[in-house]
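Notes for the structure review
What follows is the residue order along each chain.
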Amino acid sequence: MPIPRDALLAAARAVAAEDEDRTGVAMLVALVDRTRPAPAVDPRPGDVELAADVQQAWEVLRAADADVTVQDALAALAHLRLRPPASRGPAGDAPLAAWRPRDTDRPDAAARDAEAAVVVDAVLHGRHLRVVNWHNTSASHAAELRQELTWYAERFSP
């Protein structure tokens, strides 16, 4: 089932608006081995669905903001699918593309489209991880961190 466009845009804005002082960062990570061809495997139904969501998120965000990358699409999906509802927060009027250091090159549109295709293929064929990263979580977020960990423990295998 397609994700509503407004939900994808709101998730991308929420991710872009987050600052460094936050708790868990939910991520979808595509695993791409550029040293050899990808093994031929039949996609699992869950991977087919997730790959379709990645493709949809990329198309929606790319059409809305020329500065986004496929990483922004992955982050928006992770925000929607892998974070506790209480930690999602308001989207505000943040940009769709996450902050990047000024010296970070942004490939041209064709290169970003090609990267998105590689990522969708990796997800489709089961070469991806769903992870939550906690780093530099301040002591002032201890209660929130406990709530998030409890939420994840109830829903996901360690």
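Structure report, in brief. This one's a predicted model, so the numbers in the text were calculated from it and none came from an experiment.

What follows is about the overall build of the protein. Each helix and strand counted, the protein has 5 helices and 2 strands in total. Listing every helix and strand of the protein by position from the N terminus yields α-β-α-α-α-β-α. Counting every position in the protein, which comprises 158 residues, the buried fraction comes to 35%. Partitioning the contacts of the protein with sequence separation of at least 6, the portion at a separation of at least 24 is 87%. Surface exposure of the protein reaches about 9600 Å², of which carbon and sulfur atoms provide 56%.

The next thing to look at is the nonpolar core. With 30 residues, the main nonpolar core has Leu28, Val54, Leu61 and Leu77 as its most contacted residues. Contributions of two or more residues to this core are made by α1 (5-17), β1 (25-30), α2 (45-64), α3 (70-82), α4 (109-124) and α5 (142-155).

Now for the packing of α1 against α3. Running from amino to carboxyl end, α1 crosses α3 at an angle of 100 degrees, the nearest separation of the two axes being 8 Å. What the angle tells us is that α1 and α3 run roughly perpendicular. For the pair formed by α1 and α3, the contact residues are Ala7, Leu8, Ala11, Ala12, Ala14 and Val15 on the first element and Ala75, Ala76, Leu77, His79 and Leu80 on the second. Here the contact of α1 with α3 is composed, by residue class, of 10 nonpolar, 1 polar and no charged.

The end-to-end C-alpha distance of α5, which contains 14 residues, comes to 20 Å, matching closely the 20 Å that a straight helix rising 1.5 Å per residue would cover. By the burial criterion, the buried members of α5 are Glu148, Trp151 and Tyr152. On an axial view of α5, the arc spanned by its buried residues comes to 95 degrees, and they lie on one face. Facing away from the buried side of α5 by more than 90 degrees, the exposed set consists of Ala143, Arg146, Ala153 and Glu154. Next to the buried residues of α5 lie β1, α3 and β2 (128-133).

Take the pattern of salt bridges next. For the structure shown, the criterion picks out 5 salt bridges. One salt bridge connects Asp121 with Arg127, and the closest N-O pair in it is separated by 3.1 Å.

Thresholds, definitions, all that
Residues numbered from 1 in each chain as written. Predicted model: local features only at pLDDT ≥ 70, side-chain atom pairs only at ≥ 80, totals over all residues. Heavy atoms only, no water. Helix = DSSP H or I, 4+ residues; strand = E, 2+ residues; numbered from the N terminus. Buried < 20%, exposed > 50% of the residue type's maximum accessible area, 1.4 Å probe, protein only. Contact = heavy atoms within 4.5 Å. Areas by Shrake-Rupley, 256 points an atom, 1.4 Å probe, with all protein chains shown as cover. Core = buried A, V, L, I, M, F, W, Y, C linked by side-chain atoms within 4.5 Å. Axes fitted to C-alpha atoms, helices over the stretch in contact; angles between N-to-C directions. Parallel < 35°, antiparallel > 145°, perpendicular 65-115°, else oblique. Nonpolar A, V, L, I, M, F, W, Y, C, P; charged D, E, K, R; others polar. Expected span 1.5 Å × (residues − 1). Arc of directions from axis to C-beta. Salt bridge = Lys/Arg side-chain N within 4 Å of Asp/Glu carboxyl O.

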